[in-house]
Amino acid sequence: MKVAFFDSKNYDVESFQKFKTSGLDFKFFETKLSLDTVELARGYNAVCVFVNDVVNKEVIDKLISFNVQLIALRCAGYNNVDIKAAQGKIKVVRVPAYSPNAVAEHTMALLLTSVRRIHKAYIRIKDFNFSLSGLTGFDLCGKTIGVIGTGKIGKEFIDICNGFKMNVLAYDIAQNKDVKAKYTDLNTLFEKSDIISLHCPLTPQTQYIINKKSIEKMKKGVVIINTSRGALINADDLLEGIKSRKIGAACLDVYEEEAGVFFNDFSGHIIDDDTLARLITMPNVILTSHQAFLTTEALNNIAETTINNILDIEKNNSSKNEVII
Ligand code: NAD
């Protein structure tokens, strides 16, 4: 199969080239897939896409007209693909799990950085400023953390939180008996948690699950963490919550309007997104650029599973990782 690989980065090329023997022919395009770039897929049997490629109905119709047979997502979430438009016409495969612990560990890294002010200390020490003033944090031990979504990543993160002797509240539409947390309703979780971490997928039900109303229910000083999908949070409401001092800190690896910004070097440029720019100026907001997945182990797993998914479709016209609704 000839595979057009969109939004490719050096680390993608490195990890996929480790599997040179697969017999698949990859062409790496740095550009994202969108209606403007879909012509590049002409002559290929499959496209390989990531979280910010735009795979809407128009793009899918074009891919079908070019005889592209497969959309291979090299990620778990598929909210950027119009699965309904693809169904029965072009196959969609994904990597359901590549390293849940990579994302869970990054979530804890963000939380610890925030509550122990490591980001401030790092910059201060570089300037030989050894003062401790303003760096007072708080213990995680004994605090209540509310975890929304207790699937693969949520469960890993809860295990880590239990290691820190935190009280873990959880909310999910499907409870997992292996999860060591007290399941509760969403309102109780909002009201009782000192820290709230999002690990559910982006769906019409979860979009803006963190909004003005839910923020009102939370404790003053609450820390909100999102390593899942940007649109789980209404960013303007989050900003208001931070400005009013209701929200104590936010740790964000994802942002609703991240496409076109995240994964790119904008140093020396003017950021047009005022909400993002304002969030970045906040002393109590830590932002990483959708990097929670970015470990060597996860990249290898992504490459291996994606290649196996494509080979399965090539050989058997089916894959256990097909997205079907
Ligand atoms: P998963 O499918 O294993 O778990 C998701 C959980 O969310 C499930 O238990 C499901 O029942 C629950 N859920 C679904 N709808 C819900 C709702 N309305 N309310 C509460 N819970 C609900 O997925 P996962 O592997 O744990 O991944 C979770 C999310 O993490 C993914 O959807 C993806 O968006 C995100 N992710 C981010 C990165 C990153 O680099 N930042 C990497 C991988 C995944």
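Since this is a predicted model, take the numbers as computed values, not measurements.

Following the criterion strictly, the structure yields 11 salt bridges and no others. Residues Lys-91 and Glu-322 are paired through a salt bridge, measuring 3.2 Å at the closest nitrogen-oxygen approach. Here Glu-322 lies in the segment after α11 (296-316) and Lys-91 lies in strand β5 (residues 91-93), a separation of 231 residues in the sequence. With a relative accessible area of 23%, Lys-91 lands in the partly exposed category. Glu-322 gets classed as partly exposed once you look at its relative accessible area, which sits at 21%. Connected through salt bridges with shared partners, the residues Asp-7, Lys-9 and Lys-32 form a single ionic network.

This paragraph deals with a nonpolar patch on the surface. On the surface, a nonpolar cluster with roughly 390 Å² of combined accessible area is contributed by Ile-125, Phe-128 and Phe-130. The residue Phe-130 is located in the loop between α5 (118-126) and β6 (144-148) in this model.

With that out of the way, let us pick up the sheet that holds strand β1 (residues 2-5). Strand order in the open sheet formed by five strands is β2-β1-β3-β4-β5, and the pairing between neighbours is parallel. Of all strands in the sheet, those with a lone pairing partner are β2 (25-28) and β5, marking the two edges. With strand direction ignored, the average angle separating the axes of adjacent strands in the sheet is 20°. Pairing of strand β3 (residues 46-49) with strand β4 (residues 70-73), which is carried by four bridges, proceeds in the parallel orientation. Bridge pairing links Val-47 to Ile-71 in β4. Against the sheet, helix α1 (residues 10-17) touches β1 and β2, its axis set at about 170° to β2.

About the thresholds
Residues numbered from 1 in each chain as written. Predicted model: local features only at pLDDT ≥ 70, side-chain atom pairs only at ≥ 80, totals over all residues. Heavy atoms only, no water. Salt bridge = Lys/Arg side-chain N within 4 Å of Asp/Glu carboxyl O. Helix = DSSP H or I, 4+ residues; strand = E, 2+ residues; numbered from the N terminus. Buried < 20%, exposed > 50% of the residue type's maximum accessible area, 1.4 Å probe, protein only. Patch = residues over 30% accessible without salt bridge, like charges linked within 9 Å, V, L, I, M, F, W, Y side chains within 5 Å. Areas by Shrake-Rupley, 256 points an atom, 1.4 Å probe, with all protein chains shown as cover. Pairing = 2+ DSSP bridges. Axes fitted to C-alpha atoms, helices over the stretch in contact; angles between N-to-C directions. Contact = heavy atoms within 4.5 Å.

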